[in-house]
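Chain residues, written in single-letter form:
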Amino acid sequence: RWDDAFGQGAFEIGIYDRVDDAIEFHPLDELALEQGNHFSFTMAVDGELLTIPFHRIREVRRDGQTIWKRAG
């Protein structure tokens, strides 16, 4: 918003996978946000369209460097 150069980075989100008990990273541009939905987003994973709740996002990376991580 305030720094155009920052927004040009390659962003990834780390989503907690309950089955594998691990965090899987996906490019941010793979997320589909629905206007007005404050609880989840959709994303295609292995050819399947999944609805993922926001609370499963555990980490955000920019150019491979962690810029946000959920505590706990």
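None of these values were measured; they are calculated from a predicted model.

Focus on the nonpolar core
Among the nonpolar cores identified, the biggest contains nine residues, and these are I13, I15, L31, F41, M43, V45, I52, I57 and V60. Elements that contribute at least two residues to this core include exactly β1 (11-17), β3 (40-45) and β5 (57-62). At three residues, β3 tops the list of elements feeding residues into this core. Not counting residues up to four positions away in its chain, the partners in contact with I52 are I15, F39, S40, F41 and M43.

Observations regarding the sheet that holds β5
Spatially, the four strands line up as an open sheet ordered β2-β1-β5-β6, and their pairing is antiparallel. Whereas interior strands pair on both sides, the edge strands pair on one side only; in this sheet they are β2 (22-27) and β6 (65-69). Mean inter-strand twist for the sheet, computed between neighbouring axes without regard to direction, equals 30°. Bridging between β1 and β2 involves six bridges; their strand directions are antiparallel. Of the residues in β2, the one forming a bridge with G14 is F25.

Some thoughts on the side chain of D17
Looking at the element boundaries, D17 is found in strand β1. Buried within the structure, D17 lacks any salt-bridge partner; its nearest side chain of opposite charge belongs to R56, at an N-O separation of 5.6 Å. Once residues lying within four places of it in the same chain are set aside, the contact partners of D17 are A22, E24 and R56.

A closer look at the pairing of β1
A regular strand places its side chains on the two faces of the sheet in alternate fashion. Buried residues dominate β1, accounting for five of its seven residues. Bridge count between β1 and β5: five bridges; the pairing is antiparallel. Counterpart to I15 in the pairing with β5 is I57.

Some words on the side chain of H26
Mapped onto the fold, H26 is located in strand β2. Apart from residues no more than four positions distant in its own chain, H26 is found in contact with F11, E12, I13, I15, M43 and V45.

What about the environment of A22?
Residue position: A22 is located in strand β2. Aside from chain neighbours lying at most four places away, what touches A22 is I15, Y16 and D17.

Thoughts on the pairing of strand β4 (residues 48-53)
With six bridges connecting them, β3 and β4 associate as antiparallel partners. For A44, the partnering residue across the bridge sits in β4 and is L49. Here β3 folds back onto β4, and the loop between the two strands holds two residues, one of which, D46, carries a positive phi near 50°.

Cut-offs applied
- Residues numbered from 1 in each chain as written.
- Predicted model: local features only at pLDDT ≥ 70, side-chain atom pairs only at ≥ 80, totals over all residues.
- Heavy atoms only, no water.
- Core = buried A, V, L, I, M, F, W, Y, C linked by side-chain atoms within 4.5 Å.
- Buried < 20%, exposed > 50% of the residue type's maximum accessible area, 1.4 Å probe, protein only.
- Helix = DSSP H or I, 4+ residues; strand = E, 2+ residues; numbered from the N terminus.
- Contact = heavy atoms within 4.5 Å.
- Pairing = 2+ DSSP bridges.
- Axes fitted to C-alpha atoms, helices over the stretch in contact; angles between N-to-C directions.
- Lys, Arg positive; Asp, Glu negative; His and termini not counted.
- Salt bridge = Lys/Arg side-chain N within 4 Å of Asp/Glu carboxyl O.

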